[in-house]
Structure formats: C-alpha cells, structure tokens
Amino acid sequence: MIKSLDEEKDNMRNVLIIGSGGREHSIALKLAESRQVKKMFAIPGNFGISKLAECCNIDIMNNSALVDFAKEKQVDLVVVGPEVPLANGVIDEFEKNGISAFGPNKKAAQFEASKSFTRKFIKKHGLPGIDFEEFTSFENAKNYIEKKGAPIVVKADGLAAGKGVFVARTEEEAITFARECLEENKFGKSSSKIIIEDFLEGEEVSYLVFTDSKTYKPMVYSQDHKQIYEGDKGPNTGGMGAYSPARLLEGFEDFLDKEIMSKFLAGIKEEGIEYKGVLYVGLMITKDGPKILEFNCRFGDPETQVILPRLENDLVEVMDAVIHQDLNSVKLEWKKEYCVCVVLSSKGYPNSYEKGKVINGLDDVKDVQVIHAGTKEENGRVLTNGGRVLNIIGLGKTLKEALDKTYSQIEDISFEGMYYRHDIAAKGLGK
Ligand code: GLY
C-alpha cells in the first residue's frame, strides 16, 4: 500500500548527532539522504554540520544535559561519533530514558577505553594478537624494555586522543615515554597504567563492521594515513587521508570471519558484554597474516569519509537494525566506485597551530564532497578553527580517477599555512 505524505511524515524521526569532526559531518550528510529523517540536531557540530542540522553547544560529557536536550527536542535517534562520550556511558543514559541511541554502552566501550582490557580479551579468546605486558611501576616497565630491546611499542592504557601510542625506535625513547606516562602523568589517569607490546612490521589497514552483538556486517575495507608527512614520516596525527577499497584485506575474508569476528562475538557473549554499534578493528598485515593492533568502539576518522559515500543503504535503517538486534535482516550494498579523502590541515599540526585563517575558494569546488572538521563562520567568512580543517572527498571508477578529481579540486582551496599530503592512496595504486 502506498503511504500518504502525512503518514510518511508521522514516521519520520528527529535525529541528534554528537560530535564535531569530519566523521560527524560525513555521518550527517549520509543521514540527510534518509527518507526517515525529519530534523537533525548536532552537539556541538561544526560549520559544515550547521548547514544540515541545528547545532547546540552542550558539554558532550554531561550525560544528563544530553538526555534533557534529546527529550526536549523529541529526538528519536541519537548517533554518537567520538569515543569519549561512549566511554562515559552516554548510551546507557539514553537507553535508561527510552531514547534509541546508536553506539556501544559503557561496558562495551572498554574495548577502546582500556588497551589492557582489550589485550587480555584477545589473548583469552584466541584472536590474533601481539605479545604484551602491562605495568603500573616505572622500574618494572624499564626492566622489561631493557630485556625486550627496541623497536618496541609503549601505550597509555586509557583514552589519550590518539596520542597515547608510541612506537619507540630505541630503548631510550621507550623508557622516556614510559616514565612520562607512569611518573609524570602525561595523560593523567589514562596513563597510570601502560602496556608494552612487541613491534610489528607490516602495513596497517582499517576493518570496520556494524554489529548488533549477535551478528556483524563488514564495511568496505579502508586505509588511513596517520603520519603527518609523505612517505608515512613524522609524528602521528588523527589521520591525514584515507581511501577505499584498500585491497590489502582481500583474500582474508575467511580469516576475518573465523579468527576475528566469530571469536569476538563468542567472547563478548561469554563475558556478558552486549556490543551494539561500530567495531573498528585496526590491523597490521604482517608476513604471518593480520594481527590486531587495536579495537575502537566507533566509526574511524577519516575512514568514515571514504566508507559512507559508498554505502547504498539508508543509514537510519542500518542503525535501527543494530539497535534492535535485527542486523541479520540487512544486506549492505556498496557502490563499486573508489573513494579518496585528503585532509587539509593547519600549519604546525599535530603540534601547536594558529586558528582564524580565512578559507578561500570553497564555492569554486565541484564534483567532490567538502567535509568540515575545524572550521567556523564569522561575519560571513569561513575561518580555520582546528588542526584538521577540511576533508576533500572524491569518487571515481578507478582509484586514479578518484585521486585526480580530489587533488584537482584542492587546487581551488587556500588558507594561510594550508598543508596536505600529496601521496594519499599512493600505496593503493599498485594493487
Ligand atoms: N583513523 C584513526 C581513528 O579513527 O582512530
């Protein structure tokens, strides 16, 4: 039976997006395509998101204020982007108040909030992991580093905005980072415990799935570019670009299913954890096959920016299926195209940088998505307002076409000190 327009409108939903990055702008764009969305709100959002949603400045760590807002605005679906509010139990609060919310609860978010929790889970349930030890005593950590030698990886146990992982090339570097974490509170409570892992040689790839705790549906494979400089040199950033599909995981489908996802789902069942949302598995492809580097409890940034433009399904329907544990009924469909994202950042990022530079040329850009991260509007001008400023996303029938489209449009955009990598997806071109 064909529904009348009024009937359709009655079934439409008010959606609230929590977060302010490129990932959340990309999610907002995808949700805006849904026939089920009546009105969107964002907390706090950014300039790009403000074109699609009403943005409100509420502390994303204040669970009761978020719930009050959702009640007042009659929100029917909440989508939480970043890990910090997830680890703070925001989903549990929405659920307690009868508000449908997409993302893992506090217990499940531990997979990102505690590296030690994750490493122990991986070991106990036989997923492909890495040798590690955990420490709260600096002396013991130092002795372990001296015994194992370098290169070696030292990680703050808790959340540290992507800065808590240190790949030490020398024992001295590893000991210094361990001291900063354990004796100098480098990341506060998040580094009162560290874990030290073996260093792995290989290429990193991001494997994201939707899961409702009973089953999972993989997204298309993608690869991030974490280092600031070309050739993967220099300090880590939040991500300087991404592309999809990343062919590196092709041929590992069976391994991903049997050795990772089936064991993950069986393991959480045994531990009494309900995990509903996105699970992001960071993998290193070593000569011995894929090994798990980390779990994140949310969509990746900038991976989301190259995954969602390829998704054919209505994202609201997928999220509903996750929340209602009906994911089995969903068949994810993907565009066959390639997608590339290049991040434009402020001079100095990931260290200190200036804000408030005028961004020119945004109106001249065509055929690509312009996703905002650190931007704001002042007196009719768009200004930089963060380290990662904009994401330019292009689709193409080949990776080269997607890259050419993306980089050619970047030439029209400028702001003082604008920086970007010219080698995004270069590794994918040969595959
Ligand atoms: N792209 C890395 C992350 O989202 O953690």
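Note that the coordinates shown come from a computational prediction; the quantities given were computed from them, not determined experimentally.

(A) Region of interest: unusual backbone geometry. Residues Asp 301 and Pro 302 are joined by a peptide bond in cis, for which omega reads 20°. Positionally, Pro 302 belongs in the loop between strand 17 (289-296) and helix 11 (303-307). A cis amide bond, omega 15°, links Tyr 349 with the succeeding residue Pro 350. Here Pro 350 is to be found in the loop between strand 18 (338-345) and strand 19 (369-372). Phi angles above zero are rare outside glycine, and Asn 185 is one such case at about 50°. Topologically, Asn 185 is positioned in the loop between helix 9 (171-182) and strand 9 (194-198). In this structure, Ser 213 takes a positive phi of about 90° despite not being glycine. Here Ser 213 lies in the loop between strand 10 (203-211) and strand 11 (216-218).

(B) Layout of the sheet that holds strand 16 (residues 277-286). As summarised here, the arrangement of the 4 strands in space is 11-10-16-17, forming an open sheet in which the pairing is antiparallel. Both outer strands of the open sheet, strand 11 and strand 17, are each paired with one neighbouring strand and no more. Going from strand to strand, the sheet's axes swing by 35° on average, the running direction of each strand aside. As paired strands, strand 10 and strand 11 are joined by 3 bridges and run antiparallel to one another. Bridged to Val 209 within strand 11 is Pro 218. Relative to the sheet, helix 10 (residues 253-271) contacts strand 10, strand 11, strand 16 and strand 17, its axis offset from that of strand 16 by approximately 135°.

(C) Structural view of the packing of aromatic side chains. Summed over all chains, the structure comprises 20 aromatic pairs. Ring centres of Phe 41 and Phe 69 lie 5.6 Å apart, and the angle between their planes is 85°; on these two criteria the pair is classed as edge-to-face. A residue pair is termed long-range when its members are at least 10 positions apart, and Phe 41 in strand 2 (residues 37-44) and Phe 69 in helix 3 (residues 63-72) qualify at 28 residues. Assigned by exposure class, Phe 41 and Phe 69 land together as buried. A network of ring pairs unites the aromatic residues Phe 111, Phe 117, Phe 121, Phe 264, Tyr 275 and Phe 295 as a single cluster. When the ring centre of Tyr 280 is taken as reference, the NZ or CZ atom of Arg 298 above it lies at 5.8 Å.

Procedures and definitions
Residues numbered from 1 in each chain as written. Predicted model: local features only at pLDDT ≥ 70, side-chain atom pairs only at ≥ 80, totals over all residues. Heavy atoms only, no water. Helix = DSSP H or I, 4+ residues; strand = E, 2+ residues; numbered from the N terminus. Pairing = 2+ DSSP bridges. Axes fitted to C-alpha atoms, helices over the stretch in contact; angles between N-to-C directions. Contact = heavy atoms within 4.5 Å. Phe/Tyr/Trp six-rings, centres within 6.5 Å; stacked < 30°, edge-to-face > 60°. Buried < 20%, exposed > 50% of the residue type's maximum accessible area, 1.4 Å probe, protein only. Lys NZ or Arg CZ within 6 Å of the ring centre and 35° of its normal.

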